Amino acid sequence: MSLVLDAAAQDLLFREARTANSFSDEPVTEEQVQAIYDLVKFGPTAFNQTPLRITLVRSPEARERLVKHMEEGNKAKTAAAPLVAILSADNEFHEELPQLLPHFPQAKDAFFSERPVREQAALLNSALQAAYFIIGVRAAGLAAGPMTGLDFAGVQKEFLDADHTPLMVVNIGKPGENAWFPRSPRLDFDQVITTV
């Protein structure tokens, strides 16, 4: 194999990792979430943007408010997961660019002064960061259950504001009984890779 990452880490992050549909009742700690973020914050984005926002849903009252916006097949597992995160894109991320891009602070106004441009950039780069977050959850020895089966407008109104666009909800924890559906197929190298 040509990869530097050892086989056990490859399995943990990709080959053996699965979307969990049930979880044990073992809690996910603030320290674990901090460690996940402190790892994944280094994933690359355009202009070093950091538009991803993570809302941790811990209280029973907040969980109940979230579950009512999930599609039927996602309600029970969202209600039972040890931790649930709402991942959203901050469409006003450009305000942080002078801090995040100190060698080019004028990027804030030169490239992102118009809201439609910011929304497009925020969507792309927060999606990248969401993928890093899922890999980070796996790196912590936890399972992630990312879901887009939800009422996005309802989640935005309930938990966010007009400047934050919900991307997905992620259930997080140690996998429970019968956590996995059978592994779905993936496309082969020749179906995806083109060399020109």
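Refer to the preceding data block for the structure.
Each chain carries its own residue numbering, running from 1 in the direction its sequence is written. Per-residue local features are limited, in this predicted model, to residues with pLDDT of at least 70; the limit for side-chain atom pairs, both in listing and counting, is 80 or more; totals at the level of whole chains, interfaces and linings are taken over all residues. The basis for the side-chain values is all heavy atoms of the structure; hydrogens and waters are excluded.

**Q** Pulling in residues and values, what's your account of the overall build of the protein?
**A** Counting from the N terminus, the helices are DSSP H or I runs at least four residues long and the strands are E runs at least two residues long. A count of helices and strands for the protein gives 9 helices and 4 strands. Starting at the N terminus, the α and β elements of the protein follow one another as α-α-β-α-α-β-α-α-α-β-α-β-α. In this setup the radius of gyration rests on C-alpha atoms only. A globule is expected at 2.2 Å times the number of residues raised to 0.38. Relative to a compact globule of 196 residues, whose C-alpha radius of gyration would be 16 Å, the protein shows 18 Å and is just as compact. Each of the three principal axes of the protein carries a C-alpha extent, and together these read 50 × 50 × 35 Å. Split into buried and exposed, the 196 residues of the protein put 41% on the buried side. The protein chains shown are the only cover counted for residues, whose accessible areas, like all others here, come from Shrake-Rupley with a 1.4 Å probe. For the protein, the accessible surface area stands at approximately 11,400 Å², while carbon and sulfur atoms represent 57% of it. The positive count covers Lys and Arg only, the negative count covers Asp and Glu only, and His and the chain ends enter neither. Charged groups are reduced to one reference atom each: NZ for lysine, CZ for arginine, CG for aspartic acid, CD for glutamic acid. Charge-centre separation for the protein: the mean point of 18 positive side chains lies 2 Å from the mean point of 26 negative side chains. Each residue is placed in one exposure class: buried if its accessible area under a 1.4 Å probe, protein chains only, is under 20% of its type's maximum, exposed if it is over 50%, and partly exposed if it falls in between.

**Q** Could you give an account of the side chain of Q129, naming the residues involved and the relevant values?
**A** By the secondary structure assignment, Q129 is in helix α7 (residues 115-139). If we ignore the near neighbours within four places in the chain, the residues touching Q129 are T45, Q49, T50, P51 and L52. Here, two residues are considered to be in contact whenever any of their heavy atoms come within 4.5 Å of each other.

**Q** Any chance you could break down the packing of aromatic side chains for me, citing the residues and the numbers?
**A** Stacked, tilted and edge-to-face are the three classes applied to pairs of Phe, Tyr and Trp rings, where Trp contributes its six-membered ring and a pair requires centres within 6.5 Å; stacked means planes under 30 degrees apart, edge-to-face means over 60, and tilted covers the rest. Scanning all chains against the criterion turns up 5 aromatic pairs. Pairing F93 with F112 gives two aromatic rings, centres 5.3 Å apart and planes at 70°, and the pair type is edge-to-face. Residue F93 is located in the loop between β2 (83-90) and α5 (97-100), and its partner F112 is located in helix α6 (residues 107-112); the two are separated by 19 residues in the primary sequence. For F112, a relative accessible area of 3% translates into the label buried. Here the aromatic rings of F104 and F111 are separated by 6.0 Å at their centres, their planes lie at 75°, and the arrangement is edge-to-face. Take F111: its relative accessible area is 42%, and that puts it in the partly exposed class. Across from the ring centre of F159, 4.5 Å away, lies the NZ or CZ of R65, which sits over that ring. In this scheme, Lys NZ or Arg CZ marks a charge over a ring once it lies within 6 Å of the ring centre and within 35 degrees of the ring normal.

**Q** Describe in detail the pairing of β2, supporting the description with residues and values.
**A** Counting buried positions along β2 yields 8 of 8 residues, so the element is predominantly enclosed. Here β2 shows two buried faces, one formed by L83, A85, L87 and A89 and the other by V84, I86, S88 and D90. A pair of strands is considered paired only if DSSP assigns at least 2 bridges between the two. The pairing of strand β1 (residues 52-57) with β2 spans 6 bridges and is classified as antiparallel. Bridging from a neighbouring strand, L56 pairs with A85 of β2.

**Q** Account for the side chain of N171, naming residues and giving values.
**A** Mapped onto the secondary structure, N171 falls in strand β4 (residues 164-173). Judged by its relative accessible area of 1%, N171 falls in the buried class. Contacts of N171, omitting those with residues within four sequence positions, involve F23, K77, T78, A81, L83, V84, A143, A144, G145 and M147.

**Q** Can you break down the packing of helix α3 (residues 60-67) against helix α4 (residues 72-80) residue by residue, with the values?
**A** Throughout, an axis means a line fitted to C-alpha atoms (over the contacting stretch in the case of helices), and angles, computed between N-to-C directions, take values from 0 to 180 degrees. α4 packs onto α3 with a crossing angle of 170° between their chain directions and a minimal axis gap of 9 Å. Judged on the interaxial angle alone, α4 and α3 are roughly antiparallel. Touching R63, L66 and V67 of α3 are K75, T78, A79 and A80, all from α4. When residues are grouped by polarity, Ala, Val, Leu, Ile, Met, Phe, Trp, Tyr, Cys and Pro land in nonpolar, Asp, Glu, Lys and Arg in charged, and all others, Gly among them, in polar. Of the residues in the contact of α3 with α4, the class split is 4 nonpolar, 1 polar and 2 charged. Here is the rule for angles: anything less than 35 degrees is roughly parallel, anything more than 145 is roughly antiparallel, 65 through 115 is roughly perpendicular, and the remaining ranges are oblique.

**Q** So, the nonpolar core: which residues are in play, and what are the values?
**A** Formed by 24 residues in total, the largest nonpolar core has its most connected members in L87, F133, V137, M168 and I172. Secondary-structure elements contributing two or more residues to this core are α2 (30-40), β2, α7 and β4. Take this core: its biggest share by element is 6 residues, from α7. We call a set of buried residues a nonpolar core when its members are Ala, Val, Leu, Ile, Met, Phe, Trp, Tyr or Cys and they connect through side-chain atoms within 4.5 Å of each other.

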